[in-house]
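Close look at the chain arrangement
Chain by chain, the residues:
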Amino acid sequence: MSTDGLNSRSRPWSSCKPASVFAEEPWRGLSGDALPGNGRSCLKPELSIDETEGMLFALAQAVEQRDRHTAGHCERLAFMSVAMGMAMQLDRPTLFTLYQGGYLHDVGKVGIPDAVLFKPGALSAEEWETMRTHPARGEEICRHVASLRPVLPVIRHHHERWDGSGYPDGLRGEQIPIEARLLQVADIYDALISPRPYKASYPPSQALQILQEETNRGWRDPQVVDLFLKLHENVISKIAEFTTGADHNLQAMKASLDSLQDLLDSARVPGPCTVPQ
């Protein structure tokens, strides 16, 4: 991660935009809400990445880089999740949690043996039990960083299913945190359109069909999937146009989310889209 001239222990970013613009863009100003008396949003850096948290993000990217098939997965997942959250007009801390969850959701895979993680064929029952431990492992890894407490439910519950047949806790319906439900759909879609050791990549149209089939089966939140489908043509399918592929400090996040807001505006996405939380 590049510090870009910022303090190596805390890398905040802030924005100085007119208050009217700030108020209309729900993600903007993730570093704080206070507006000074002159009507401009020069915000206090209340959200920042400290050294320990930065190390966990680096660990998450190291996990991703163990497999050449998953290059860029975390970044794409972060932005798809945030795009859905922005369409729902979720508050700034929730959008920030979605962004963090995109990078940290699979950090627990650091404890999964390569023989299981990269097996080209079907997993045995024992191997599958090992694989299913990665959400709880990830939660435990991040539990000791106070600033990551909001993202712990996303890490733990992104493999739950709407009908209660998922893991690790068998949560069902709205028991599953909305952040986990949003991230889960983005995660499944990106996994489907990307090659994996056990499968070839699917075309986007087939991936969307599979998502719909799994929703009909009762596995996915139907309203979240409906939102994803509405955003797909004009937003989700264009993720690569505004993900940076560069160092993932908060300044880079700000620039990329500027582009995401512009894309949502140009797509004329109806909003806010309501999904029960």
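Shown above is the structure to which this text applies.
None of these values were measured; they are calculated from a predicted model. (Residues numbered from 1 in each chain as written. Predicted model: local features only at pLDDT ≥ 70, side-chain atom pairs only at ≥ 80, totals over all residues. Heavy atoms only, no water.)

Right, let's get into the pattern of salt bridges. Under the criterion given, the structure shown has 11 salt bridges. Aspartate 106 serves as the salt-bridge partner of lysine 109, at 3.3 Å between the closest nitrogen and oxygen. The exposure classification of lysine 109 matches that of aspartate 106, with both residues buried. For aspartate 221, the salt bridge goes to arginine 181, with nearest N and O atoms at 2.7 Å. Linking aspartate 221 in the loop between helix 10 (204–216) and helix 11 (222–232) with arginine 181 in helix 9 (residues 178–193), this pair joins segments that are 40 residues apart in sequence. Each member of the pair, aspartate 221 as well as arginine 181, carries the same accessibility label: buried. Counted as one network, the salt bridges with shared partners bring together Glu139, Glu140, Arg143, Arg156 and Asp169. (Salt bridge = Lys/Arg side-chain N within 4 Å of Asp/Glu carboxyl O. Buried < 20%, exposed > 50% of the residue type's maximum accessible area, 1.4 Å probe, protein only. Helix = DSSP H or I, 4+ residues; strand = E, 2+ residues; numbered from the N terminus.)

With that settled, consider the side chain of glutamine 184. By the secondary structure assignment, glutamine 184 is in helix 9. The class of glutamine 184 is buried, set by a relative accessible area of 6%. Looking at glutamine 184, its side chain comes within polar contact range of the main-chain oxygen of histidine 158, at 3.3 Å. Discounting residues that sit within four places of it in the chain, glutamine 184 has contacts with His158, His159, Glu160, Trp219 and Arg220. (Polar contact = N/O pair within 3.5 Å; in protein donor to acceptor, adjacent residues only side chain to side chain. Contact = heavy atoms within 4.5 Å.)

On to the packing of aromatic side chains. What the rule picks out here adds up to 4 aromatic pairs. Summarising the aromatic geometry, the rings of tryptophan 128 and tyrosine 167 are spaced 6.0 Å apart at their centres and angled 80° between planes, so their arrangement reads as edge-to-face. Of this pair, tryptophan 128 sits in helix 6 (residues 125–131) while tyrosine 167 sits in the loop between helix 8 (152–157) and helix 9, and the two are 39 residues apart along the sequence. For tyrosine 167, a relative accessible area of 8% gives the class buried. Taken together, the ring pairs in this structure connect Phe79, Tyr99 and Tyr103 into an aromatic cluster. Directly above the aromatic system of tryptophan 219 lies the positively charged group of arginine 161, at a separation of 3.5 Å from the ring centroid. Stacked on the ring of tryptophan 219, the Lys or Arg arginine 217 has its end atom at 4.6 Å from the ring centre. (Phe/Tyr/Trp six-rings, centres within 6.5 Å; stacked < 30°, edge-to-face > 60°. Lys NZ or Arg CZ within 6 Å of the ring centre and 35° of its normal.)

It is worth spelling out the nonpolar core at this point. Counting residues in each nonpolar core, the largest one holds 51 residues, and the members touching the most others are Leu104, Leu182 and Phe228. If you tally residues by element for this core, the top one is helix 3 (residues 73–87), at 10 residues. Each residue touching phenylalanine 228, except ones within four places of it in the same chain, is listed here: Met80, Met84, Val185, Ala186, Tyr189, Leu208, Leu211 and Ile236. (Core = buried A, V, L, I, M, F, W, Y, C linked by side-chain atoms within 4.5 Å.)

Relative to the 18 Å expected for 13 residues at 1.5 Å per residue, helix 10 spans 18 Å between its end C-alpha atoms, a close match to the ideal helical length. What helix 10 keeps buried is the set Ala207, Leu208, Ile210, Leu211, Glu214 and Thr215. Viewed along the axis of helix 10, the buried residues span an arc of 160°, placing them on a single side of the element. Away from its buried face, by an angle of more than 90 degrees, helix 10 presents the exposed residues Ser205 and Asn216. Contacts made by the buried residues of helix 10 are with helix 9 and helix 11. With its phi angle positive at about 100°, glycine 218 sits one or two positions after the end of helix 10. (Expected span 1.5 Å × (residues − 1). Arc of directions from axis to C-beta.)

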